[in-house]
Protein chains: 2
Amino acid sequence: MKHNYLSNTPLEDAKANYFDFVKKSGFKFQTEKINSQKSNGRILAAPVYAKLCSPHYNASAMDGVAVWAEDTYGASEINHITLDKEHYTEVDTGDALPENTDAVIMVEDILSENNGEITINAPVHPWQNVRQVGEDLCMGDMIASSYTKITPYFCGAFLAGGVKQVEVIKKPVFGIIPTGDEIIAPDKDPEKGEILEFNSSVFSAMLSEWGADSIVYDIVPDKKELLTEAVKKAKSECDCVLLLAGSSAGRDDYTSEIVSSLGTLCVHGIAVKPGKPAILGAIDETPVIGLPGYPVSAIVIMNEIVKELVGIYYNVKIEEEKTIKAVLGKRVVSSLKYREYIRVTLGKIDGKYIAVPLPRGAGIITSFTKALGVIEIPQNCEGIEQGDVIEVKILTDEKNIENALIITGSHDPIIDEIADILKKKDNNILVTSSHVGSMGAIDAIKSGRAHLGAIHLLDEKTGEYNQSYIDKYFPNGGVVLKKGVKRIQGLMVAKGNPLNINKFEDIVGHRYVSRQRGSGTRILCDYLIKKYNMNIDDINGYDNEEFTHTAVAANIKAGNADVGLGIYSAAKMYDLDFIPICDEEYDFLIDEKYIDSPLTKAFLSALDSDEFIERIELLGGYSKEK
Amino acid sequence: MKHNYLSNTPLEDAKANYFDFVKKSGFKFQTEKINSQKSNGRILAAPVYAKLCSPHYNASAMDGVAVWAEDTYGASEINHITLDKEHYTEVDTGDALPENTDAVIMVEDILSENNGEITINAPVHPWQNVRQVGEDLCMGDMIASSYTKITPYFCGAFLAGGVKQVEVIKKPVFGIIPTGDEIIAPDKDPEKGEILEFNSSVFSAMLSEWGADSIVYDIVPDKKELLTEAVKKAKSECDCVLLLAGSSAGRDDYTSEIVSSLGTLCVHGIAVKPGKPAILGAIDETPVIGLPGYPVSAIVIMNEIVKELVGIYYNVKIEEEKTIKAVLGKRVVSSLKYREYIRVTLGKIDGKYIAVPLPRGAGIITSFTKALGVIEIPQNCEGIEQGDVIEVKILTDEKNIENALIITGSHDPIIDEIADILKKKDNNILVTSSHVGSMGAIDAIKSGRAHLGAIHLLDEKTGEYNQSYIDKYFPNGGVVLKKGVKRIQGLMVAKGNPLNINKFEDIVGHRYVSRQRGSGTRILCDYLIKKYNMNIDDINGYDNEEFTHTAVAANIKAGNADVGLGIYSAAKMYDLDFIPICDEEYDFLIDEKYIDSPLTKAFLSALDSDEFIERIELLGGYSKEK
């Protein structure tokens, strides 16, 4: 088992060396001529000068009659002047002024028309109501300088100036080569052990947003000769080559060898996490980059390196991302060895931005779909404490962050359904939810890290839900409990219940999958263990924690576990058998301060909508008082 | 000569009535299914749920060996454990975990491999180095809610969740019908009286930026039957129809009649300037809008009405444009009858934004290519004074405005050349120049409305240029004069000099075209009139003012005038004959405060560059000390 070691080059050094290297290798823009009509959004490679005046003749600016201004001098309210057919010509807006005329009388200003004679009561001066040659543009005027980004208005000005083609910077073409024996094309259906290739779709869309085109090549298996051929072909057809995966140091990772043999390997291994196993090199003037196989790692390298490479091609500085100061909603620990990038959701509470870290796994692309910001933890920093103020690169407008409703606490698919109903009513509101369990919700509301908390907390003594916890944790009040839904909790087991699990006590001796500590479902589990005098040590998998009901169901469906506690709708979704245990109350805890905020009101109105009732009926296992 | 009168409906009323009307008529979005791979930038019409877990099987997260975790328990530095071939399986990242394994030992953590046996010194726990089913996404999880704008990351998440197609809002198709007898297709060469049709290119690019597609139809002449047929065809093929021109009240303006006869005319005539003669109507559920023929008028209606119509189709609120407070650099007068839109350049001087109004003609599309902002003068307001603080809608980032170098004063094409050289060196700097003449430059620098002023001011007593004016207008100093170029001024006359004009005195008896009051060239003209004891009243056209040398040349070329004073390069550009009068010094006046600013330095370095020398040699008539 071969194993190469990667370097751990700090990002700044890697970038400085590599960009210097590719510039010296001759990586720079090409140009092309395109029709002015279709040039919107492109970047000019050279200044554009008008070839024609606009207007290119003296044009009537109005509908009316063209006259020789001198013929109208002296006309007034008391001295009307009449012009015969020899002394005026009817003109429409845009018509060329006839010979021997130098002004236009507007149709509204003609007093009368009789036998071809017109009468006026005011003079016009030379060039009145006339667009003189060159009013807008004169031949030879520079319409736009080099490197101007063409707007719709420029398309018009180019044509107005008689410029039918403009020289623009050719979009760079990035060749994207997906690799890996386990990867299959995204139009196929994956078997076990096969992964749909989606990275190329992500990168090609990112490149397009940065002004680059891309060619996505067929997936290449982990065979050195095939990979070499693919790189050579892409090199001959593209301005830059991206190899997806194969940049690590595993037994099938040939990228670094290929780059070294065909060209120059500049950097292999960057001190960032995720993203470490990146390869930066070039073959002749063509940059060749090996991206890590995990989507989140690769996206980090795309954003940190490839985006700037596109900027180098275009010879523009990449805009710095906007940052805001935010309070960190949850402690993060980090390695001293790497600069770490952590995606966060954001919202504004009590005038402060709150950043809540999202899952950090390199394979979790949904951390990017949910992220509103990214924080960087420097190399040589062990982590950041909850409550610390940090700088966050924002991925959206501040306004959108201010319109984000932060819901945290217990997981239930109904939160997404409410968010969807809400979004359809008011597209400006964004719901960001995180699953920290019911006790997490109480903590977040207490410390001002969420607008709403979702809870279902059973009081072991009374058998009632939620209220006693509020009394305990908010002795001075300040929060409102809004009733949500009733839902059925029970045991999820494989279809047909092959292990014959019929009551909670039956979980002993089977592989159990648990919810995380602090979740209402875990508290229910503990309550049941106590109620039935069971012993935690007898439960195989009590520490095997998942964060959502669907994750529990997915693990049972996959055979990773035999049984788990969860809600009916999750069992139904996964076609599992379900042994009901109890009904519980899933409610919303709201800080009194936000009860009248537009965000909260919109949420509660979606919760009370008919559409929501229809949706929970479809999900199954819920009921709601109207 | 027919003449309809337009209404003068205030914009807010026109919008409220019309948008209410089109919503009731049933104007709303259609949906379509598209491949997730190509969905970036589109808007979801429905929520997207994962159809597959991601990963959809337990996958090795590392290159290494898959084992049953229990087999490794007890391994330590002092108690190595050896596993034979039956108890481990080699796996690559992404491989499915074999039956009866639940953890992966990283290749780096294997101490040795011998005869198929491996030795380790640390245990792994269950699911260590494994991406469990659903780590990223569980089947049934909502990946994105309705109306989400799809990002590159969502393209990846959809595919990761096994969703190969998504339902998005179909882009609305706008039918654009250019009309008018004087209009010709943009691929033709215009004769006198013909205008290249460029509005459709501008609007189709604007629509594309707002998320709409467009079909541009052939130009329709001003014939009612042809226009009616064209509208019917476009109505049957598009979601919205735009008729270009024909919305005024002139003799050939049929749009309002056609809309009335085929559907409903809602508004004809809006109290905005430019933009008044707009028509808002609908045929069945299809909005039909008549746009004014002048590009600036039509663009105002596009921005104020059509943009919001696209928003209504998509069911999103149109984002409000960002505004800044700026000091008005020049007085503007406005009509009490209309809300007026005036385009402005912007820059920052002494910590304040300065807005300088651009030409206001409805035909001047370059006012949009030069604008960095737009000011609105309310109906019932007569105008705004120079120095007043006003609100400006900005059309670019504030950062770009801060990087704008404001040059004002005398016109010379070399300013654009310097701007182009500068832009090629540092794409972040923007030069905004306006032509207010040399005396205007002195005034602007004195009152802090420009960074640099371009001047060529002749002292009649000494025959010297510029310095004596500085001594007079800046008695306390505070400015620096930077030498620019020497250039030749003279008389421009038609090719072959048919009127035999050989010296300045010869202009008497011919049609003269003048530069504006306050320009250095006008001062030169006055100096020459005095020198040769001529009488202003004898000069036919002394009040016929143009603002640039190229505009003077264009008017002579077009036969609007016989002779004018200007620089050699303009005469050369227009292939005119040129009678040299004198050499003059065209210099730059700089407020001392900005002499060391990066913007000024970049400008002066471009002025001193070899490339600039090459360019002025090409233009002709210039010299510069190195």
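This is a predicted model, so every value here is computed, not measured.

**Quick notes on the packing of aromatic side chains**
In the structure shown here, the tally under the stated rule is 20 aromatic pairs over all chains. Measuring from centroid to centroid gives 6.0 Å for Phe29 of chain B and Tyr147 of chain B, while their planes differ by 85°, and the two rings are edge-to-face. Of this pair, Phe29 of chain B sits in the loop between helix H1 (11-25) and strand S1 (31-35) while Tyr147 of chain B sits in the loop between strand S11 (142-144) and helix H2 (152-160), and the two are 118 residues apart along the sequence. Taking relative accessible area as the criterion, Tyr147 of chain B reaches 8% and is therefore assigned buried. Following the ring pairs from residue to residue traces out a cluster consisting of Phe27, Tyr313 and Tyr314 of chain A.

**Observations regarding helix H2 (residues 152-160) of chain A**
Residue and element names in this part refer to chain A. Burial runs high along H2: 9 of the 9 residues are buried. All of the buried residues along H2 are Pro152, Tyr153, Phe154, Cys155, Gly156, Ala157, Phe158, Leu159 and Ala160. Looking one or two places after H2, you find Gly162, whose phi comes out positive at around 75°.

**Re the pattern of salt bridges**
All names here are of chain A. A full pass over the atoms with the stated rule returns 81 salt bridges over all chains. Note that Glu12 and Arg339 form a salt bridge whose closest N and O atoms lie 2.6 Å from each other. With Glu12 in helix H1 (residues 11-24) and Arg339 in strand S24 (residues 339-349), this residue pair connects regions lying 327 residues apart in the sequence. Judged by relative accessible area, Glu12 falls into the partly exposed class, the value being 43%. Taking the shortest distance from any N to any O, the salt bridge between Arg517 and Asp543 comes out at 3.3 Å. In this pair, Arg517 is assigned in the loop between strand S33 (512-515) and helix H12 (520-531) and Asp543 in the loop between H12 and strand S34 (545-546), connecting sequence segments 26 residues apart. On the basis of relative accessibility, which here comes to 56%, the residue Asp543 falls in the exposed class. Several salt bridges share partner residues, and in doing so they unite Glu12, Lys15, Glu304, Lys307, Glu308, Glu321, Arg339, Glu376 and Lys393 into one network.

**Comments concerning the relation of the copies chain A and chain B**
The second copy of the chain is related to the first by a rotation about an axis and a shift along the axis. Of the two same-sequence chains, chain A is brought onto chain B (RMSD 0.1 Å, axial shift 0.0 Å) by a rotation of 180°. Here the copies are linked by what is in effect a two-fold axis.

**Description of the nonpolar core**
Counting residues in each nonpolar core, the largest one holds 65 residues, and the members touching the most others are Phe203, Leu207, Leu242 and Ile270 of chain A together with Phe158 of chain B. Per element, the largest residue contribution to this core is 13 residues, and it comes from helix H6 (residues 295-314) of chain A. Once you skip the residues sitting within four places of it in the chain, Ile270 of chain A turns out to touch Ser7, Asn8, Thr9, Leu11, Ala14, Lys276, Ala278, Leu280, Ile301 and Ile305 of chain A. If you look at the next biggest cluster of nonpolar residues, it comprises 64 residues, including Ile150 and Val166 of chain A together with Leu11 and Met302 of chain B.

**Examining the sheet that holds strand S5 (residues 81-83) of chain A**
All names here are of chain A. What the 3 strands build is an open sheet, ordered S5-S9-S8; its pairing is antiparallel. The sheet is open, and its two edges are formed by S5 and strand S8 (112-114), each paired on a single side. Pairwise comparison of adjacent strand axes, ignoring direction, gives a mean angle of 25° for this sheet. In terms of strand pairing, S5 meets strand S9 (residues 117-120) through 3 bridges, oriented antiparallel. Following the sheet pairing, Ile81 is matched in S9 by Ile120.

**Some remarks on the interface of chain A and chain B**
Facing 108 residues of chain A, the contacting portion of chain B comprises 108 residues. Here chain A meets chain B over a buried area of about 9,300 Å², counting both sides, of which 55% is carbon and sulfur. For the pair chain A and chain B, the number of links is 2 salt bridges. In this structure, the salt-bridge partner of Asp189 of chain B is Lys164 of chain A, at a minimum N-O distance of 2.9 Å. The interface formed by chain A and chain B holds 30 residue pairs in polar contact (both at pLDDT 80 or more) in total. Classifying every residue of the side of chain A that touches chain B by side-chain character gives 44 nonpolar, 29 polar and 35 charged.

**Some details on the sheet that holds strand S8 (residues 112-114) of chain B**
Residue and element names in this part refer to chain B. As summarised here, the arrangement of the 3 strands in space is S5-S9-S8, forming an open sheet in which the pairing is antiparallel. Either end of the sheet is taken by a strand with one partner, and the two such strands are strand S5 (81-83) and S8. Here the strands of the sheet are splayed against their neighbours by 25° on average, with no regard to which way each runs. Looking at chain direction, S8 and strand S9 (residues 117-120) are connected through 3 bridges and run antiparallel. Across the sheet, residue Glu113 finds its bridge partner in S9, namely Ile118.

**Comments concerning unusual backbone geometry**
Here the amide bond leading from Lys273 of chain A into Pro274 of chain A is cis, since omega sits at -10°, within 30 degrees of zero. Within the element layout of this structure, Pro274 of chain A appears in the loop between strand S19 (272-273) and strand S20 (279-283). Of note, the phi angle at Asp575 of chain A is positive, near 55°, even though the residue is not glycine. Residue position: Asp575 of chain A is located in the loop between helix H14 (568-573) and strand S36 (577-591). If you check the backbone angles, Asn315 of chain B has positive phi at about 65° while not being a glycine. Here Asn315 of chain B is to be found in the loop between helix H6 (295-314) and strand S22 (323-328). Here Asn315 of chain B falls in the partly exposed class, since its relative accessible area comes to 40%.

**Focus: the environment of Asp583 of chain B**
All names here are of chain B. Looking at where Asp583 falls in the secondary structure, it is placed in strand S36 (residues 577-591). Residues Asp583 and Ile445, spaced 138 residues apart in sequence, show a C-alpha to C-alpha distance of 25 Å. Look past the residues within four positions of Asp583 in its chain and what remains in contact with it is Tyr465, Arg487 and Ile488.

**Describing the packing of helix H9 (residues 413-425) of chain A against helix H16 (residues 610-619) of chain A**
Residues and elements named next belong to chain A. Axis separation between H9 and H16 bottoms out at 10 Å; the angle between their running directions is 145°. Classified by chirality, the crossing of H16 by H9 is right-handed. In contact with Ile414, Glu417, Ile418, Asp420, Ile421 and Lys424 of H9, H16 contributes Glu611, Phe612, Arg615, Ile616 and Leu619. In terms of residue class, the contact of H9 with H16 is made up of 6 nonpolar, no polar and 5 charged.

**So, the confidence of the model for chain A**
Of all residues in chain A, 98% have pLDDT values of 70 or greater, and the mean over the chain is 93. In the predicted complex, the global pTM is 0.92; the interface-specific ipTM is 0.92.

**Some remarks on the environment of Lys482 of chain B**
All names here are of chain B. Tracing the chain through its elements places Lys482 in strand S32 (residues 479-493). Between the C-alpha atoms of Lys482 and Leu589, which are 107 residues apart in sequence, the distance is 6.3 Å. With residues near it in sequence (within four places) discarded, Lys482 still touches Asp587, Phe588, Ile590, Leu604, Leu607 and Asp608.

Procedures and definitions
Residues numbered from 1 in each chain as written. Chains lettered and ligands numbered in written order. Predicted model: local features only at pLDDT ≥ 70, side-chain atom pairs only at ≥ 80, totals over all residues. Heavy atoms only, no water. Phe/Tyr/Trp six-rings, centres within 6.5 Å; stacked < 30°, edge-to-face > 60°. Helix = DSSP H or I, 4+ residues; strand = E, 2+ residues; numbered from the N terminus. Buried < 20%, exposed > 50% of the residue type's maximum accessible area, 1.4 Å probe, protein only. Salt bridge = Lys/Arg side-chain N within 4 Å of Asp/Glu carboxyl O. Least-squares fit on C-alpha atoms with pLDDT ≥ 70 in both. Core = buried A, V, L, I, M, F, W, Y, C linked by side-chain atoms within 4.5 Å. Contact = heavy atoms within 4.5 Å. Pairing = 2+ DSSP bridges. Axes fitted to C-alpha atoms, helices over the stretch in contact; angles between N-to-C directions. Buried area = accessible area lost by both parts, 1.4 Å probe. Polar contact = N/O pair within 3.5 Å; in protein donor to acceptor, adjacent residues only side chain to side chain. Nonpolar A, V, L, I, M, F, W, Y, C, P; charged D, E, K, R; others polar. Left-handed = near helix turned anticlockwise from the far one by under 90°. pLDDT = per-residue confidence, 0-100.

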